[in-house]
Amino acid sequence: MTDEPLLRVSALSKFYGPRVGCDNVSFDLWPGEVLAVVGESGSGKTTLLNCLSTRLLPSSGTASYRMRDGQFRELYRMSEAERRFLMRTDWGFVHQNPADGLRMTVSAGANVGERLMAVGDRHYGKIRATAVDWLSRVEIDEDRIDDEPRAFSGGMRQRLQIARNLVTGPRLVFMDEPTGGLDVSVQARLLDLLRGLVTDLGLAAIVVTHDLAVARLLSQRMMVMKDGRVVESGLTDRVLDDPRAPYTQLLVSSILQV
Amino acid sequence: MTAQPTDIATYNFAYLDEQTKRMIRRAILKGIAIPGYQVPFASREMPMPYGWGTGGVQVTASIIGPDDVLKVIDQGADDTTNAVSIRAFFKKVANVAVTTETAKATIIQTRHRIPEYPLTAGQVLVYQVPIPEPLRFLEPRETETRKMHALEEYGLMHVKLYEDIARHGRIATTYAYPVKVEGRYVMDPSPTPKFDNPKMHRSPALQLFGAGREKRIYAVPPFTEVVSLDFEDHPFEVQTFDQPCALCAAENVYLDEVILDDHGGHMFVCSDTDHCEKRREEGHRGHLAPETHVAPGNMEPAQ
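Computed from a predicted model, the values in this text were never measured in an experiment. (Residues numbered from 1 in each chain as written. Chains lettered and ligands numbered in written order. Predicted model: local features only at pLDDT ≥ 70, side-chain atom pairs only at ≥ 80, totals over all residues. Heavy atoms only, no water.)

K.L.:
Hey, could you go over a negative patch on the surface for me, with residue numbers and the actual values?
P.N.:
Side chains of Asp79(B), Glu277(B), Glu281(B) and Glu282(B) sit close together on the surface and give a patch of like negative charge. Relative to the elements of secondary structure, Glu282(B) occurs in the segment after helix H7 (273–281). (Patch = residues over 30% accessible without salt bridge, like charges linked within 9 Å, V, L, I, M, F, W, Y side chains within 5 Å. Areas by Shrake-Rupley, 256 points an atom, 1.4 Å probe, with all protein chains shown as cover. Salt bridge = Lys/Arg side-chain N within 4 Å of Asp/Glu carboxyl O. Lys, Arg positive; Asp, Glu negative; His and termini not counted. Charge placed at Lys NZ, Arg CZ, Asp CG, Glu CD. Helix = DSSP H or I, 4+ residues; strand = E, 2+ residues; numbered from the N terminus.)

Quick look at the structure:
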């Protein structure tokens, strides 16, 4: 691992008129590190994620990303073309609803291959071979490659979305409630898969979730948000086992025990 | 320009008023300056329904002058409803000479074919375009497709070709086959058969595209590079026909299937009627051509 972070975020704020989206958020993300952002609905987690992934421009603050050449680039000063290029090569974005991240009317193979074609791959055979490889890595049968995602179950769609994002070998993946809306057994398998992929590929990830169990399984570090502010951050195990902020204590004690 | 003496004094020359023609000419000039770029323009209501060539007619009306010779084709034919009506329209409102001969025309308005007879410098080919946006069925948001054009993000176009190969084993798109113009903009060549795509490449004629309903004009200036998109292992190829034209025996031309009777009789003939007639006048005979030159309606059905 290098001694420089992958992403440096400093005093990031987003206001929707007088309303606060997120306020004064700062952190560093290191290569290969998974950071969970937890908090209740409306706490600003998704706003933060959208700002970081440049889908939304913040009101103030900066974020710089270490490009593959080792140079830090200020995200909000890049041209739109550069940002979009980053989005489809070095980054991934896994939406809560797979329909938002997939092209529902083209086949699974084309969904996985789209990023390759976007960066200039023009060999059908190679694109298809890569698609087959990635489908097997996310446990989708090869014979489903020409099916449209509409014919897939929720869990399969989510796995397909993950394959589609990882095919260009990104270094940073943003995930917005990746297991939301899935039943528990499917959720468990997806988490298992994600954990494997993140470790194998050395991905850095920012995972937004309201599910503390997901945060515990996936992340090394976590940030707890409330009303747009970070109320506590630290190693995941420390925050969950020894919560210090009153709100975190409330959150941890609200987990339903079976 | 002052109104020409025509028998219908109430219409301006070539139907459109001069301000509108200026506006359309500006859009055309911009289109020529940026080959393949879709220029928005204030499309007018025309005395014909959308889908019948309102865009092409407006472009033609803006560039036509009293000395021009106009040819109009519809799927290659000079004698079908759309072609006959538009030709009659300009004869009436612009009082221009009309022809069916490709070589004699200065302006050729076309619906979905490029004439077989090679075009020359000085000629203008005006296409009627139903949907100018090649990315439309892949990305429905116009805001997004304009951004994709601006940023030259054309990976999605190949997704469509990928889907073709995955489903049919080859690129099954046969018309409206996407092209890249001068190495920059991806363009829909209107629903011409892909057979005609190579003719667009470095054509000496000026090619103008008008989409009336969608309010877009785009252009390919003479001698511009027009490359059909493909994959390295699935290169672009045009349709081939295993038999020549049944009337004029022409090979390497685009053929239409014509049903002759209700017992399965059919023949393949040139879609370009002018080209076919010329060849027959020169003495070429296909296997179904009558001995003497008679109208197609009097022909014997194939067995």
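This is not the end of the story, as more comes after the structure.
K.L.:
So what's going on with helix H5 (residues 124–137) of chain A? Residues and values would help.
P.N.:
Helix length check: H5(A), at 14 residues, gives a terminal C-alpha distance of 20 Å against a target of 20 Å (1.5 Å per residue), a fit within 8%. By the burial criterion, the buried members of H5(A) are Tyr124(A), Ile127(A), Arg128(A), Ala131(A), Trp134(A) and Leu135(A). Down the axis, H5(A) shows its buried residues gathered within 125° of arc, on one side only. The secondary structure elements touched by the buried residues of H5(A) are helix H4 (108–118), helix H6 (154–166) and helix H7 (184–201) of chain A together with helix H5 (155–168) of chain B. Two residues or fewer after H5(A) comes Glu139(A), characterised by a positive phi angle close to 60°. (Expected span 1.5 Å × (residues − 1). Buried < 20%, exposed > 50% of the residue type's maximum accessible area, 1.4 Å probe, protein only. Arc of directions from axis to C-beta. Contact = heavy atoms within 4.5 Å.)

K.L.:
Quick rundown of the domain arrangement of chain B? Include the residues and the values.
P.N.:
Residues and elements named next belong to chain B. Its domain assignment divides chain B into domain 1 (18–146 + 173–228) and domain 2 (240–293). Each of domain 1 and domain 2 has a C-alpha centre, and the two are 27 Å apart. Tallying the contact residues gives 15 residues for domain 1 and ten residues for domain 2. Carbon and sulfur atoms make up 49% of the surface buried where domain 1 meets domain 2, a total of about 950 Å² over both sides. Ranking the residues of domain 1 by area buried against domain 2 places Arg113, Glu116 and Phe195 at the top, with a combined share of 44%. There are one salt bridge connecting domain 1 and domain 2. The shortest N-O distance in the salt bridge between glutamate 101 and lysine 278 comes to 3.4 Å. Taken together, domain 1 and domain 2 are joined by eight residue pairs in polar contact (both at pLDDT 80 or more). (Domains from an automatic or database assignment. Buried area = accessible area lost by both parts, 1.4 Å probe. Polar contact = N/O pair within 3.5 Å; in protein donor to acceptor, adjacent residues only side chain to side chain.)

K.L.:
A description of the packing of helix H1 (residues 18–33) of chain B against helix H2 (residues 54–63) of chain B should follow, citing residues and the corresponding values.
P.N.:
Residues and elements named next belong to chain B. Where H1 meets H2, the axes come as close as 9 Å, and the angle between the chain directions of the two elements is 100°. Relative to H2, H1 is oriented roughly perpendicular. For the pair formed by H1 and H2, the contact residues are Lys21, Ile24, Arg25 and Ile28 on the first element and Gln58, Val59, Ala61, Ser62 and Ile63 on the second. Here the residues of the contact of H1 with H2 sort into five nonpolar, two polar and two charged. (Axes fitted to C-alpha atoms, helices over the stretch in contact; angles between N-to-C directions. Parallel < 35°, antiparallel > 145°, perpendicular 65-115°, else oblique. Nonpolar A, V, L, I, M, F, W, Y, C, P; charged D, E, K, R; others polar.)

K.L.:
For the interface of chain A and chain B, give the residues involved together with the corresponding values.
P.N.:
Taken together, the contacts link 22 residues of chain A with 21 residues of chain B. A buried area of about 1900 Å², summed over both sides, lies between chain A and chain B, and 56% of it is on carbon and sulfur atoms. Considering only the side of chain A, the residues that lose the most area to chain B are Arg84(A), Arg122(A) and Tyr124(A), jointly responsible for 38% of the buried surface there. At the junction of chain A with chain B, the criterion picks out six salt bridges. Among the ionic pairs, Arg84(A) bridges to Glu153(B), the shortest N-O distance being 2.8 Å. Where chain A packs against chain B, one counts 14 residue pairs in polar contact (both at pLDDT 80 or more). Listed by contribution, the elements that provide at least two residues to the side of chain A that touches chain B are helix H2 (80–89), H4 and H5 of chain A. Of the residues contributing to the side of chain A that touches chain B, the split by class is eight nonpolar, five polar and nine charged.

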